[in-house]
Amino acid sequence: MGIASTAFIKSFVDNIIMPIITPFIPGGAWRTATIDIGPIVLGWGAFLGELINFIIIAFVVFIIFSF
């Protein structure tokens with residue numbers, strides 16, 4: 001059940017949520033979006049996708065166990 005729900009949430013985020021956010025990201029490639037701070041390159045696009053996945057999964061688990 002856990003693996004199936006994780007795959008479902010990941011698909012939901014990748015195919016529904018992130019295309020809505022993509023027009024606001026320069027270049028449109030949200031998974032490869034980075035911020036350069038001198039010699040340091042932070043890959044915030046992949047982190048953003050995983051963060052949204054985590055928040056949605058945590059919310060679903062909260063809803064399931066709170067009732």
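Residues numbered from 1 in each chain as written. Predicted model: local features only at pLDDT ≥ 70, side-chain atom pairs only at ≥ 80, totals over all residues. Heavy atoms only, no water.

Chemist: Can you break down the overall build of the protein residue by residue, with the values?
Modeler: Scanning the protein from terminus to terminus reveals two helices and two strands. Tracing the protein from N to C terminus, the helices and strands come up as α-β-β-α. For the protein, with 67 residues in total, the buried portion stands at 18%. The contacts in the protein between residues at least 6 apart in sequence include a share of 37% that link residues at least 24 apart. Total accessible area on the protein is roughly 5000 Å²; 80% of this is exposed by carbon and sulfur atoms. (Helix = DSSP H or I, 4+ residues; strand = E, 2+ residues; numbered from the N terminus. Buried < 20%, exposed > 50% of the residue type's maximum accessible area, 1.4 Å probe, protein only. Contact = heavy atoms within 4.5 Å. Areas by Shrake-Rupley, 256 points an atom, 1.4 Å probe, with all protein chains shown as cover.)

Chemist: Residue-level account of the nonpolar core, with values.
Modeler: With five residues, the main nonpolar core is built from Ile-9, Val-13, Met-18, Ile-52 and Ile-56. Counting residues per element, this core draws most heavily on helix α1 (residues 2–21), which supplies three residues. The contacts of Ile-9, once residues within four sequence positions are left out, are Asn-53, Ile-56, Ile-57 and Val-60. (Core = buried A, V, L, I, M, F, W, Y, C linked by side-chain atoms within 4.5 Å.)

Chemist: Which residues make up the confidence of the model for the protein, and what values go with them?
Modeler: Reading fine detail from the predicted coordinates is not recommended where pLDDT is low. Here the protein averages 78 in pLDDT, and 90% of its residues register 70 or above. The least confident element of the protein is α1, whose mean pLDDT is 77; the most confident is strand β2 (residues 40–42), at 89. (pLDDT = per-residue confidence, 0-100.)

Chemist: For a nonpolar patch on the surface, give the residues involved together with the corresponding values.
Modeler: Taken together, the side chains of Phe-59, Val-60, Val-61, Phe-62, Ile-63, Ile-64, Phe-65 and Phe-67 present a nonpolar region at the surface, about 920 Å² in accessible area. Here Val-61 is to be found in helix α2 (residues 44–66). (Patch = residues over 30% accessible without salt bridge, like charges linked within 9 Å, V, L, I, M, F, W, Y side chains within 5 Å. Salt bridge = Lys/Arg side-chain N within 4 Å of Asp/Glu carboxyl O.)

Chemist: Before we move on, could you go through the environment of Thr-6 and cite the residues and values that matter?
Modeler: Here Thr-6 shows up in helix α1. Overall, Thr-6 belongs to the partly exposed group, its relative accessible area being 40%. With 50 residues separating them in the primary sequence, Thr-6 and Ile-56 have C-alpha atoms 9.7 Å apart.

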